[in-house]
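Here are the chains, one letter per residue:
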Amino acid sequence: MAVTLKEVAEKAGVSRSAVSRTFTDGASVSEKMRRKVEKAAQELGYSPNALASSLTTGRTKLIGLVSNNFHNPIFLQVFDLFTRGLQDRGLRPLLVNLTDETDPATSVRMLRQYSVDGVVVASSTLPPGFAKAFRDAGVPVVHSFGRYSAAPQVHVVGIDNVECGRMAARTLVERGYKNVAFLGGPESATSTQDRYTGFMSEMAAHPEVKTTYSFAKAYSFEAGRQEMLRLLKSAPADAYFCGDDVLSIGVLSALQDSGLQVPEDVGVIGLNDMEMARWESIDLTTIHQPIRQIITSTIELMVAMLDEPDRYPEARIFPCSVVERGTLRPAP
């Protein structure tokens, strides 16, 4: 049988309310009382009941962690960092798969059924209005990997995808490529739109370079592979900026199966710097997105919002950089 709060109180020689205060964050209790209660709890093997605590404090410490891109391997890394980071802060992540659910109102109702204290929207493809729906419902929310805005309606932490597109274009021009292409994820995704905008705007300053574009059906290995196989039926470009690393790895697979050498015949640059990009068999030149820093900052904002729900929305944008590996020709 589980040890009860009453048993701990009797062993420590204190009231039940004293035990409850000892295990309630922020509650007033003397250091002498705390030591007595903790000693009795340890000897009895008592663990506080999180559900009972939530009924007392009005807080569940549940944080909804929602995403719609579970087929992308990078989110294994993202979810690992998020869940450990939240748990280190005494919060409990509730992982929600929104792959087949894009209606904000339905998602808000679902998360409220679990009485979450806050929501982290961990997605670069959902529109800004998705996170705003939680804010409008009175739920503290942070959009991680969200779209940059100078005047955000909710807290946003991420990168400037337009600048990343420009960075990729400048890199290909510096390497001397004369026929380049953008291969993005779904055209409806805000991250795709912004990376495309940045890439094409930078290439507009280089009319001597032929520039084309296309879009894959998803940010996935198979979508990148199939789109590249389709493009190879006509004359391929000399180099591709792919919308993210998993698309790039699909592109590399298609090029290999078609007998083309990378980077001798075709160059490839990705975006994210996911762990797989560093594998020796892949060795992908890519743009590094500081995922760990983005997640740490997201959690910091969420913790702050739990104490200050009306905190003014801010955008925290982290710089990116090119990581040199083996899928582009060397810079001159």
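Shown above is the structure to which this text applies.
Read on for a plain summary of the structure. Just so it is clear, the model here is predicted, and its values are computed rather than measured.

1. Digging into the nonpolar core
Reasoning step 1: Ranked by internal contacts, the top residues of the largest apolar core, which has 68 residues, are Phe 82, Leu 172, Phe 199, Met 228, Tyr 240, Phe 241 and Ile 287.
Reasoning step 2: The greatest single-element share of this core, amounting to eight residues, is contributed by helix α12 (residues 291-307).
Reasoning step 3: Sequence-distant contacts of Met 228, defined by excluding residues within four places in its chain, comprise Leu 183, Tyr 240, Val 251, Ala 254 and Leu 255.
Reasoning step 4: Leu 94, Val 119, Val 121 and Val 139 belong to the second largest nonpolar core, which has 18 residues in total.

2. Side note on the pattern of salt bridges
Reasoning step 1: Scanning the entire structure with this criterion turns up 18 salt bridges.
Reasoning step 2: When the shortest N-O distance is used, the salt bridge between Arg 225 and Asp 257 registers 2.8 Å. A residue pair is termed long-range when its members are at least 10 positions apart, and Arg 225 in helix α10 (residues 221-231) and Asp 257 in helix α11 (residues 245-257) qualify at 32 residues.
Reasoning step 3: Exposure remark for Arg 225: the relative accessible area of 17% places this residue in the buried category.
Reasoning step 4: Accessibility expressed as a relative area gives 52% for Asp 257, which makes it exposed.

3. A look at the layout of surface pockets
Taking a probe equal in size to a water molecule and rolling it over the atoms shows the remaining empty space.
Reasoning step 1: Considered as a void within the structure, the second largest pocket measures approximately 310 Å³ in volume.
Reasoning step 2: As for the second largest pocket, its lining consists of 14 residues, and the residues nearest its centre are Leu 252, Ser 253, Gln 256, Ser 281 and Ile 282.
Reasoning step 3: Looking at which element gives the most residues to the lining of the second largest pocket, the answer is α11, with five residues.
Reasoning step 4: Residue composition of the lining of the second largest pocket, grouped by class: seven nonpolar, six polar and one charged.

4. Observations concerning the sheet that holds strand β8 (residues 239-242)
Reasoning step 1: Here six strands make up an open sheet; going across it, the order is β7-β6-β8-β9-β10-β12 and the pairing mixed. In the strand order of this sheet, the two ends are held by β7 (210-215) and β12 (321-323), each with one partner. Between one strand axis and the next, the sheet turns through 25 degrees on average, direction left out of account.
Reasoning step 2: Those strands touched by helix α8 (residues 161-174) are β6 (179-184), β8, β9 (267-272), β10 (286-288) and β12, and its axis lies near 165 degrees from that of β8.
Reasoning step 3: Relative to the sheet, α11 contacts β6, β8, β9 and β10, its axis offset from that of β9 by approximately 155 degrees.

5. Regarding the packing of α10 against α11
Reasoning step 1: The contact between α10 and α11 brings their axes to 7 Å, and the two run at 45 degrees. Taken together, α10 and α11 sit at an angle that is classed as oblique. Seen from above, α10 lies across α11 with right-handed handedness. For the pair formed by α10 and α11, the contact residues are Phe 221, Ala 223, Gly 224, Arg 225, Met 228 and Leu 229 on the first element and Val 246, Leu 247, Ile 249, Gly 250, Val 251, Ser 253, Ala 254, Leu 255 and Asp 257 on the second.
Reasoning step 2: Of the residues contributing to the contact of α10 with α11, the split by class is 10 nonpolar, three polar and two charged.

6. Remarks on the packing of aromatic side chains
Reasoning step 1: According to the stated counting rule, one finds 10 aromatic pairs in the structure shown.
Reasoning step 2: The interplanar angle of 55 degrees and the centroid separation of 5.7 Å between the aromatic rings of Phe 182 and Phe 241 together place this pair among those described as tilted. Of this pair, Phe 182 sits in strand β6 while Phe 241 sits in strand β8, and the two are 59 residues apart along the sequence.
Reasoning step 3: Its relative accessible area of 0% is what places Phe 241 among the buried residues.
Reasoning step 4: Through a chain of ring-to-ring contacts, the aromatic side chains of Phe 182, Tyr 196, Phe 199, Tyr 213, Phe 215 and Phe 241 assemble into a single cluster.
Reasoning step 5: When the ring centre of Tyr 177 is taken as reference, the NZ or CZ atom of Arg 329 above it lies at 4.0 Å.

7. Some points on empty space enclosed by the protein
Reasoning step 1: Evaluated as defined, the whole model comprises one cavity of 30 Å³ or more.
Reasoning step 2: Approximately 170 Å³ is the volume found for the largest cavity.
Reasoning step 3: Lining the largest cavity are 15 residues, with Phe 75, Ser 124, Arg 195, Asn 272 and Gln 289 positioned closest to its centre.
Reasoning step 4: Here the residues of the lining of the largest cavity sort into seven nonpolar, six polar and two charged.

8. Quick word on the sheet that holds strand β4 (residues 141-144)
Reasoning step 1: Pairing within the open sheet is parallel, and its six strands lie in the order β2-β1-β3-β4-β5-β11. Each edge of the open sheet carries a strand with a single partner, namely β2 (92-97) and β11 (315-317). Taking the axes of each pair of neighbouring strands and ignoring which way they run, one obtains an average angle of 20 degrees across the sheet.
Reasoning step 2: Inspection of the sheet shows strand β1 (residues 62-67) paired to strand β3 (residues 118-122) by four bridges, in the parallel sense. In the sheet register, Leu 65 faces β3, and the bridge partner there is Val 120.

Cut-offs and rules
- Residues numbered from 1 in each chain as written.
- Predicted model: local features only at pLDDT ≥ 70, side-chain atom pairs only at ≥ 80, totals over all residues.
- Heavy atoms only, no water.
- Core = buried A, V, L, I, M, F, W, Y, C linked by side-chain atoms within 4.5 Å.
- Buried < 20%, exposed > 50% of the residue type's maximum accessible area, 1.4 Å probe, protein only.
- Helix = DSSP H or I, 4+ residues; strand = E, 2+ residues; numbered from the N terminus.
- Contact = heavy atoms within 4.5 Å.
- Salt bridge = Lys/Arg side-chain N within 4 Å of Asp/Glu carboxyl O.
- 1 Å grid on protein atoms, 1.4 Å probe; cavity = no way out; pocket = protein on both sides within 12 Å on 5 of 7 lines; lining within 4 Å.
- Points joined across faces, edges and corners; volume = space filled by probe spheres on them.
- Nonpolar A, V, L, I, M, F, W, Y, C, P; charged D, E, K, R; others polar.
- Pairing = 2+ DSSP bridges.
- Axes fitted to C-alpha atoms, helices over the stretch in contact; angles between N-to-C directions.
- Parallel < 35°, antiparallel > 145°, perpendicular 65-115°, else oblique.
- Left-handed = near helix turned anticlockwise from the far one by under 90°.
- Phe/Tyr/Trp six-rings, centres within 6.5 Å; stacked < 30°, edge-to-face > 60°.
- Lys NZ or Arg CZ within 6 Å of the ring centre and 35° of its normal.

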